[in-house]
Amino acid sequence: MDFFNSPVHSWYSLYKRDLPWRNTRNPYLIWLSEIILQQTRIDQGMAYYSRFAAEFPTISDLADAPEDQILKLWQGLGYYSRARNLHFTAKFIQQNYNGIFPDNYNTIRSLKGIGEYTAAAIASISFNLEYPTVDGNVYRVLSRFFGIADPIDTSSGKKTFNNLAIELIKGVDPGMHNQAIMEFGALQCTPKGPNCNQCPLKERCFAFLNQKITELPVKQNKTKQRDRHFNYLVLSHRNHTWIRKREGKDIWKNLFEFPFIETEDEISIEKLTTLTEFDRIISTTDQAIIENVSDWKIHILSHQRIHYRFVRIQLTDKINGTEDFIRVNKEDIFNFAVPKLLETYLNEYMKNV
Ligand code: SF4
């Protein structure tokens, strides 16, 4: 894993920010900085960290302080339960461990207000223990560099990244290593506009080499997608077909489309022709010959998955049920703005007119 670690570590030694908690391995101060920085910008967090470290230089000082004083000092940071947990745990360490911060991961992790990430940060930075910190920055760097598309918000995805992070941290300075990847993600491999051109990883970075930067990392539940099923009816009578303009609050508003029937599922053509909606559009089914039924395909939108197919129907006589639609010459249909999936179909359809 040196091909990844070595450039990131070198980059870190050159470009890391000089932050006050980077000059200490004191577990109490590392803990303090980690709790303050949760959901807080670094520049804002720095001022709070300096005030807390000055006011309460040791765990005992924090444990002995009245809660009101702690909350007052915390004011403006929000999430006051973090301050209360900080105080509770300081008193707990004072009473149970004589004010000495525990030095093994499991005990640290068992303390109130300390989750997996914070425990790993303290264990690695203060006690040289090989526990990786896997935060949003780390997910991003690893998913892009190694090309991992497992969703970062699923337990199996988390496990994949965690296993990789465990491999990466073996045999290196764990505290420096954890901070290096997080800093790399925060400054170099940023969510938007990563500095790929001047990146020491670019020659082996999967996302850079495959133009996948905007697609990685993957989040499964970012947007819940709704499945819809569109049966487009491509009616044909002599040189004419029928379309309509989409209206109302739905996708593709004001674009044109063929008459279509939305169904719950990918239903069979037999079932489709028995629907009232089908009769309403076609009206005289005995004069409608189904010429061709395409396979179901899927068109992905940001919040919807459109399952769609085209049913080509030859009308043999005058039709009654298409008043809602505009009759157009088949060759003129290309003048209308249509959704992408229809455009693709029309380009195929055109060949067969
Ligand atoms: S090349 Fe770009 S995407 Fe890849 S690690 Fe570097 S900054 Fe991130």
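- The chain is annotated in an unreviewed UniProt entry as Adenine DNA glycosylase of Aquipluma nitroreducens.
- What UniProt states about the chain under its Function (unreviewed entry) heading is, verbatim, "Adenine glycosylase active on G-A mispairs. MutY also corrects error-prone DNA synthesis past GO lesions which are due to the oxidatively damaged form of guanine: 7,8-dihydro-8-oxoguanine (8-oxo-dGTP)."
- Taken verbatim from the UniProt record of the chain, the Catalytic activity (unreviewed entry) comment is "Hydrolyzes free adenine bases from 7,8-dihydro-8-oxoguanine:adenine mismatched double-stranded DNA, leaving an apurinic site."

## What to know about the nonpolar core
Item 1. Counting 38 residues, the largest nonpolar core has Trp 31, Phe 52 and Phe 101 as its most contacted members.
Item 2. Contributions of two or more residues to this core are made by α2 (27-37), α3 (42-55), α4 (59-64), α5 (67-74), α6 (80-96), α7 (105-110) and α8 (116-127).
Item 3. The dominant element in this core, judged by the number of residues it contributes, is α2, at eight residues.
Item 4. Aside from chain neighbours lying at most four places away, what touches Phe 101 is Pro 27, Tyr 28, Trp 31, Ile 59, Ile 93, Ile 108, Leu 111, Ile 114, Ile 122 and Phe 127.
Item 5. Ranked by size, the runner-up nonpolar core spans 28 residues in total, among them Ala 180, Ile 181, Cys 205 and Ile 213.

## Concerning the packing of α3 against α5
Item 1. With their axes 10 Å apart at the nearest point, α3 and α5 run at an angle of 155° to one another. Here α3 is positioned roughly antiparallel relative to α5, judged by the angle of their axes. The two elements α3 and α5 meet at a crossing, and its hand is right-handed. For the pair α3 and α5, the contacting residues are Tyr 48, Arg 51, Phe 52 and Glu 55 in the first and Gln 69, Ile 70, Leu 73 and Trp 74 in the second.
Item 2. Split into classes, the residues belonging to the contact of α3 with α5 amount to five nonpolar, one polar and two charged.

## Topic: the site of the ligand
Item 1. Near the ligand, the surroundings consist of Arg 144, Gln 188, Cys 189, Pro 194, Cys 196, Cys 199, Leu 201, Lys 202, Cys 205, Phe 208 and Ile 213.
Item 2. Among the cavities detected, the one that contains the ligand is the largest cavity.
Item 3. Looking at the shell around the ligand, its residues break down into eight nonpolar, one polar and two charged.

## Notes on the packing of helix α9 (residues 136-146) against helix α11 (residues 174-187)
Item 1. Contact pair α9 / α11: the axes reach a minimum separation of 8 Å and the direction vectors enclose 80°. Overall, the two elements α9 and α11 adopt an arrangement that is roughly perpendicular. Residues Asn 137, Val 138, Arg 140 and Val 141 of α9 form the contact with α11, whose own contacting residues are Ile 181, Met 182, Phe 184, Gly 185 and Ala 186.
Item 2. Of the residues that constitute the contact of α9 with α11, the class distribution is six nonpolar, two polar and one charged.

Rules behind the numbers
- Residues numbered from 1 in each chain as written.
- Predicted model: local features only at pLDDT ≥ 70, side-chain atom pairs only at ≥ 80, totals over all residues.
- Heavy atoms only, no water.
- UniProt positions renumbered as here; feature names shortened; annotations may be inferred.
- Core = buried A, V, L, I, M, F, W, Y, C linked by side-chain atoms within 4.5 Å.
- Buried < 20%, exposed > 50% of the residue type's maximum accessible area, 1.4 Å probe, protein only.
- Helix = DSSP H or I, 4+ residues; strand = E, 2+ residues; numbered from the N terminus.
- Contact = heavy atoms within 4.5 Å.
- Axes fitted to C-alpha atoms, helices over the stretch in contact; angles between N-to-C directions.
- Parallel < 35°, antiparallel > 145°, perpendicular 65-115°, else oblique.
- Left-handed = near helix turned anticlockwise from the far one by under 90°.
- Nonpolar A, V, L, I, M, F, W, Y, C, P; charged D, E, K, R; others polar.
- Near = heavy atom within 4 Å.
- 1 Å grid on protein atoms, 1.4 Å probe; cavity = no way out; pocket = protein on both sides within 12 Å on 5 of 7 lines; lining within 4 Å.
- Sits in = over half its atoms within 2 Å of the grid points.

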